[in-house]
Amino acid sequence: MRLPEVPIPGVPGAFRLTLDRVSVLPDLPEPLDLLTTIHARRTVDLARLRPDPIPRETLLTLLEAANWAPSHGRTEPWRFVVFTGEGRMRLAEVLATSLARLKGEEQADPDVLRTQRERQRLAPVWLAVAVQPAEKPRMPLYEDQWAVACAVQTLMLAARSLGIGSKWITNAASLHEHTAQALGFGEGASMMGLVYLGFVDGEWPVGERRPMGDKVRWVEET
Ligand SMILES: Cc1cc2nc3c(=O)[nH]c(=O)nc-3n(C[C@H](O)[C@H](O)[C@H](O)COP(=O)(O)O)c2cc1C
């Protein structure tokens, strides 16, 4: 079964998914179990990714997993645009223009655009992530933003369970108004950054955490 995809006009390889409420789990290699995945997920640098494409079915599985994130009031406010292949160059153009706008300029500097294009080629898949509040919101924006964060984490965990590395990026260009508008997100939507995905070249990075014991207090009455 295929989920409906809406191509972005003039952007080969980029598509917007209109995910419905049907759960689709195509045949996949044995995924890691949840607790192992949670511990093993790592932010992976671009330089550590292989250029191999990620199969479309796998991307759909990750997006479908993200769609099961919780949201207060069932707002389901997460929105994604997926960039693959030459579609990544459209993202590069948009980000280069947003960088120009941050400097008070209209057009992207050709050198910045070239660098941005090279950067986008380092990962086979980029996702633009936005929050889309309801037309008449009943919840504060931050609750919808939290829900989108849940969706992003769910997607990154699903990716890890299938051996795919990721990074969530929230730099100024990715969050810029122009980025949301140029990527065609809806009225009132705002950016929550970019996520790239790719198979990891060699060993996974090693993670580090300060002890959870320092961050938790227990209240127990006997
Ligand atoms: C909301 C959010 C925004 C982030 N933005 C960036 C970013 O802009 N650039 C970056 O290099 N990493 C970013 N990260 C990834 C963190 O650097 C990373 O999660 C942290 O170093 C811990 O590493 P781990 O993900 O491997 O556990 C972001 C993470 C979160 C949750």
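A few points on the structure. Not measured: the values here are computed from a predicted model.

1. Considerations on unusual backbone geometry
Right, on to step 1. In this model, Arg74 sits at a positive phi of 50 degrees, which is unusual for a non-glycine residue.
Right, on to step 2. Take Arg74: it is sitting in the loop between α2 (56-66) and β3 (78-84).
Right, on to step 3. With a relative accessible area of 66%, Arg74 lands in the exposed category.
Right, on to step 4. In this model, Glu76 sits at a positive phi of 45 degrees, which is unusual for a non-glycine residue.
Right, on to step 5. Mapped onto the elements, Glu76 comes out in the loop between α2 and β3.

2. Considerations on helix α3 (residues 87-102)
Right, on to step 1. Its 16 residues place the ends of α3 23 Å apart at the C-alpha level, agreeing with the 22 Å of an ideal helix rising 1.5 Å per residue.
Right, on to step 2. Just beyond α3, the residue with positive phi is Gly104, at close to 80 degrees.

3. Section: the nonpolar core
Buried together is how nonpolar side chains tend to be arranged in soluble globular proteins.
Right, on to step 1. Core analysis: the biggest nonpolar cluster contains 27 residues, and Leu62, Phe80, Leu127, Leu155, Val195 and Leu197 have the highest contact counts within it.
Right, on to step 2. Of all the secondary structure elements, the ones that give two or more residues to this core are α2, β3, β4 (125-131), α5 (141-161) and β6 (190-199).
Right, on to step 3. With eight residues, the single largest contributor to this core is α5.
Right, on to step 4. When residues no more than four places from it in sequence are discounted, the contact partners of Val195 are Val125, Trp126, Leu127, Val129, Val152, Leu155, Met156, Ser166, Lys167 and Trp168.
Right, on to step 5. Formed by 22 residues, the second largest nonpolar core is a distinct cluster that contains Leu91, Leu95, Ala180 and Met191.

Cut-off values and rules
Numbers given for residues are sequential positions, taken from 1 along each chain in its written order. It should be noted that, the model being predicted, local features are given only for residues of pLDDT at least 70 and side-chain atom pairs only at 80 or more, the latter also being counted only at that level, while totals for whole chains, interfaces and linings use all residues. Heavy atoms throughout the structure, all of them, feed into the side-chain values; hydrogens and water do not. A helix here means a DSSP run of H or I that spans at least four residues, while a strand means a run of E at least two residues long, and both kinds are numbered starting from the N terminus. Categorising residues by exposure relies on relative accessible area from a 1.4 Å probe, with only protein chains included: less than 20% of the type maximum marks a residue as buried, more than 50% marks it as exposed, and the intermediate range marks it as partly exposed. One less than the residue count of a helix, multiplied by 1.5 Å, gives the span that helix is expected to have. The criterion is simple. A nonpolar core is a set of buried Ala, Val, Leu, Ile, Met, Phe, Trp, Tyr and Cys residues joined through side-chain atoms within 4.5 Å. The contact criterion used throughout is that any non-hydrogen atoms of two residues lie within 4.5 Å.

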